[in-house]
Structures are given as C-alpha cells and as structure tokens.
Amino acid sequence: MTEFQTETTDTGIGVVRPVGRLNMVAAPRLRSLVAELVAGGTARIVVDLSETESMDSSGLGALIAGLKTARQAGGDLRIAGAGPQVEAVLDLTNLRRVLRPRPDVASAFAGD
C-alpha cells in the first residue's frame, strides 16, 4: 500500500510525497490530496517522487489532473526526485516537457 506524506514549506509550497507505487490503487488518493491543498489555498505544489518505486499510467494521469487543478487556481504542479523507472515513463509518454522534472524539492520552484 502506498503511503503519502504531505507538508507545506515556509514559502507556502505544498509537498506531496508518495512512498511506494504510484498506480491505479494510489492515484485517486494523490488526486484528492492535490485537490485538498488547492482548495485550502496552496496552489504551488511539488510531488516529490524520490520515494516512489514505480509509476503506471494511472499515476501519470493523477499528476496531469493535479497539474490542471493547480493551474486553474493560478498555481503550478511540479515533480521532483524522479527515479529511473519514473523517468522512463516520462520519456515513453513524452510528458517530460509538460511535467518538467526537477532534481529535488528545493529546486522545483527556485527562481519563480
């Protein structure tokens, strides 16, 4: 079972960290966590994938849905710390350009 850790940084950025697999079982939870953060006024969100073992199309769909939710609220969703399997999924689907992975949470919104 995938666990989710959430926090809000001192600069008001919401961080969601899926631990385990981001698949069809875990994807709805990711969607709802992002929606809750945005509804609570946190529209800049980083999904930290450093502890995500693998991701399937459902996980990818949840990231895209979160991106749309955040952008509709005037924010953005960025991903950070993606491992080799997640990077491969981004490459295969050509979504690297849309989600633009960052090396870590600290650099996700650096310079914005």
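First, a word on scope: everything that follows refers to the structure included in this document.

Definitions and cut-offs
- For every chain, the first residue of the written sequence is number 1, and numbering continues from 1 onward in sequence order.
- pLDDT decides what is reported in this predicted model: residues at 70 or higher carry local features, side-chain atom pairs at 80 or more are listed and counted, and totals for whole chains, interfaces and linings draw on all residues regardless.
- The side-chain values count all of the structure's non-hydrogen atoms but skip hydrogen atoms and water molecules.
- Working definition: helices are DSSP H or I runs of at least four residues, strands are E runs of at least two. Numbering for both runs from the N terminus.
- Whether two residues are in contact is decided by their heavy atoms: any pair within 4.5 Å suffices.
- Side-chain atoms within 4.5 Å are what join buried Ala, Val, Leu, Ile, Met, Phe, Trp, Tyr and Cys residues into a set we call a nonpolar core.
- Each residue is assigned to one of three classes by its accessible area relative to the maximum for its type, calculated with a 1.4 Å probe on protein chains only: buried under 20%, partly exposed between the two thresholds, exposed over 50%.
- Convention adopted: a line fitted to C-alpha atoms gives each axis, helices being fitted over their contacting stretch, and angles between N-to-C directions are expressed from 0 to 180 degrees.
- Between 65 and 115 degrees an angle is taken as roughly perpendicular, under 35 as roughly parallel, over 145 as roughly antiparallel, and anywhere else as oblique.
- Two helices that cross are described as forming a left-handed crossing if the nearer one is turned anticlockwise from the farther one by less than a right angle, and a right-handed crossing if clockwise.
- Two strands form a pair only when DSSP identifies at least two bridges running between them.
- What a helix should span is 1.5 Å times the count of its residues minus one.
- Working definition: the arc comes from the directions between the helix axis and the C-beta atoms, pointing outward to the latter.

## Description of the environment of Gln5
Here is step 1: Looking at the secondary structure, you find Gln5 in strand 1 (residues 3–8).
Here is step 2: For the pair Gln5 and Leu99, spaced 94 residues apart in sequence, the C-alpha to C-alpha distance is 20 Å.
Here is step 3: Leave out the neighbours within four places in its chain, and Gln5 touches Val15, Val16, Arg17 and Val19.

## Considerations on the nonpolar core
Here is step 1: Leu30, Leu63, Leu77, Ile79 and Leu99 are the most contacted members of the largest nonpolar core, which totals 26 residues.
Here is step 2: Of all the elements in the fold, those that place two or more residues in this core are strand 2 (14–22), helix 1 (27–39), strand 3 (44–48), helix 2 (57–72), strand 5 (76–80) and helix 3 (84–93).
Here is step 3: At six residues, the largest contribution of residues to this core is made by helix 1.
Here is step 4: Excluding residues that lie within four positions of it along the chain, Leu99 makes contacts with Leu60, Leu63, Ile64, Leu67, Leu77, Ile79 and Leu90.

## Here's the deal with the packing of helix 1 against helix 2
Here is step 1: Put simply, helix 1 and helix 2 touch, their axes get as near as 8 Å, and they point 10° apart. Classed by the angle they form, the pair helix 1 and helix 2 counts as roughly parallel. Helix 2 is crossed by helix 1, and the crossing has right-handed handedness. Contacts from Ala27, Leu30, Arg31, Val34, Ala35 and Val38 in helix 1 reach Ser58, Gly59, Gly61, Ala62, Leu63, Ala65, Gly66, Thr69 and Ala70 in helix 2.

## Points about the pairing of strand 2
Here is step 1: Where burial is concerned, most of strand 2 is hidden: seven out of the nine residues are buried.
Here is step 2: Pairing of strand 1 with strand 2 involves six bridges; the strand directions are antiparallel. When the sheet's bridge partners are listed, Thr6 is paired in strand 2 with Val16.
Here is step 3: Linking two consecutive strands that pair antiparallel, namely strand 1 and strand 2, is a turn of five residues; a positive phi of about 85° is found at Gly12 within it.
Here is step 4: Judged from the three bridges that link them, strand 2 and strand 3 form a sheet pairing that is parallel. Its bridge partner being in strand 3, Gly14 is matched across the sheet by Ile45.
Here is step 5: Where strand 2 lies against strand 4 (residues 52–55), three bridges are found, and the strand directions are parallel. Note on strand 4: the bridge partner recorded for Gly20 is Thr52.

## Some thoughts on helix 2
Here is step 1: Over its 16 residues, helix 2 extends 22 Å from the first C-alpha to the last, a length consistent with the 22 Å expected when each residue adds 1.5 Å.
Here is step 2: Within helix 2, burial applies to Gly59, Leu60, Ala62, Leu63, Gly66, Leu67 and Ala70. Burial along helix 2 is one-sided: seen end-on, the buried residues are contained in an arc of 155°. Turned more than 90 degrees off the buried face of helix 2, the exposed positions are Ser57, Lys68 and Gln72.
Here is step 3: Two residues or fewer after helix 2 comes Gly74, characterised by a positive phi angle close to 85°.

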